[in-house]
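Each chain, written out:
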Amino acid sequence: MLPFINVFGKQIPMYGLMMVTGAFFAILFACLRAKKRRLEPMDVLLASIFCFIIGLLGAKLLFIITEIPSYIAHFGKHGFSFSWLINEFMTAGIVFYGGMIGGVFGGWLYTRLFRLDFWKFADLMIPFLPLAHGFGRIGCFCAGCCYGRAPLDSEPEWLRSLAVVYTKAIGAPNDGVARYPVQLFEACFLVLVLLPILVFFSRKERRPGMVVGLYFIVYGVFRFINEYLRADSIRGIFGGVSTSQWISIALVPLGILLMSGLVSPLLKSRYPMRSAAADAFEIVTDDDDCSDACCAVCTECGECGREAETAEPEIEADISDADAAGACEPDDCADTDTSEK
């Protein structure tokens with residue numbers, strides 16, 4: 001295992017490094033694809049930041065929820081301590097499903113705040129989530145967390161041969177017992193199987209929610225099966241099934257519903273296509289003139305330039321016609337307000 005790497009005399013945790021690296025590339029590819037979906041890359045970047053920050057909070061929160069029994073035991077023995085609870089939250093691990101739920105909420109919050117199409121953003125960004133997740137699972141393996149169980153004698157020889165001995169691990173027991181590297185199993189599935197499936201499926205623009213639905217189905221089934229190879233106790237077991245397996249059970253039918261298209265009409269956005277990033281720089285003047293400042297966001301289309309060109313000849317023509325007809329004498333127009341509103 002490699003929990004830390006030394007960079008210029010400082011120890012950098014591999015888990016955090018791999019997680020940030022995966023998030024960087026996932027956001028980068030989503031931004032590069034944004035134009036094909038008629039979305040602004042800056043909006044995708046800002047929405048991704050919302051997803052990352054709120055997703056991290058959700059991941060920690062779900063971890064704490066799975067640890068509630070141990071917290072109750074601690075408070076029963078030592079009494080309640082708010083400072084201890086805050087410290088636990090800051091140093092607690094993270095659970096992917098909590099991060100996914102929090103990330104979805106973060107994306108929804110961003111699109112809600114700026115009146116954008118949530119499902120258009122979700123279907124664009126979700127295909128690259130397995131890339132970020134896969135890098136994170138490699139970080140898990142380096143740290144030794146989320147480790148697998150020891151092979152059983154009844155299992156196939158080829159499967160048992162994949163077990164590894166964890167050494168210098170932070171989470172896994174360093175007891176010399178070979179265990180399944182479930183983190184690498186999941187990383188390979190995410191990057192080599194799920195990522196290509198979603199990227200290929202989303203090449204064409206689908207009905208709202210279909211890409212997200214496919215992700216829920218495929219990942220939910222895999223995660224449910226892969227959980228049987230895990231042995232870490234922090235997963236939380238309820239009714240003989242882990243927390244992540246319960247969430248997987250809920251995701252699969254939800255994914256089928258989204259894939260069916262039955263709810264697609266309900267998912268269509270009420271908001272027109274626009275850019276929150278562009279709106280942030282738009283300046284609206286009192287007289288609605290197209291000033292140089294407000295045209296900073298529309299120089300590509302050139303509409304303001306064309307309107308100005310066509311407006312000037314019309315004004316000149318009106319003045320010349322008025323002079324020729326003698327419609328406006330100096331005395332008659334003395335009290336006329338000629339300013340444009």
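Preceding this section is the structure that the text describes.
Right, let's walk through the structure included here. Note that the structure is predicted; figures quoted are calculated from it, not measured.

So, how was this worked out
Residues numbered from 1 in each chain as written. Predicted model: local features only at pLDDT ≥ 70, side-chain atom pairs only at ≥ 80, totals over all residues. Heavy atoms only, no water. Helix = DSSP H or I, 4+ residues; strand = E, 2+ residues; numbered from the N terminus. Axes fitted to C-alpha atoms, helices over the stretch in contact; angles between N-to-C directions. Parallel < 35°, antiparallel > 145°, perpendicular 65-115°, else oblique. Contact = heavy atoms within 4.5 Å. Nonpolar A, V, L, I, M, F, W, Y, C, P; charged D, E, K, R; others polar. Patch = residues over 30% accessible without salt bridge, like charges linked within 9 Å, V, L, I, M, F, W, Y side chains within 5 Å. Areas by Shrake-Rupley, 256 points an atom, 1.4 Å probe, with all protein chains shown as cover. Salt bridge = Lys/Arg side-chain N within 4 Å of Asp/Glu carboxyl O. Lys, Arg positive; Asp, Glu negative; His and termini not counted. Charge placed at Lys NZ, Arg CZ, Asp CG, Glu CD.

1. Topic: unusual backbone geometry
Consideration 1: Even without being glycine, Arg-115 reaches a positive phi, approximately 55°.
Consideration 2: Mapped onto the fold, Arg-115 is located in the loop between helix H5 (96-113) and helix H6 (118-125).
Consideration 3: One non-glycine residue with positive phi stands out, namely Lys-168, at about 55°.
Consideration 4: Secondary-structure assignment places Lys-168 in the loop between strand S3 (164-165) and strand S4 (178-179).

2. Some remarks on the packing of helix H7 (residues 129-143) against helix H9 (residues 182-201)
Consideration 1: Direction vectors running N to C along H7 and H9 enclose 170°, while the axes themselves pass 8 Å from each other. Our classification of the angle between H7 and H9 gives roughly antiparallel. For the pair H7 and H9, contact is made by Pro-130, Leu-131, His-133, Gly-134, Arg-137, Ile-138, Cys-140 and Phe-141 and by Gln-183, Leu-184, Glu-186, Ala-187, Leu-190, Val-191, Leu-194, Leu-195 and Leu-198, respectively.
Consideration 2: Per-class residue counts for the contact of H7 with H9 are 12 nonpolar, 3 polar and 2 charged.

3. Focus on a positive patch on the surface
Consideration 1: A cluster of basic residues, Lys-36, Arg-203, Lys-204 and Arg-206, forms a positive patch on the protein surface.
Consideration 2: In this fold, Arg-206 is placed in the loop between H9 and helix H10 (210-226).

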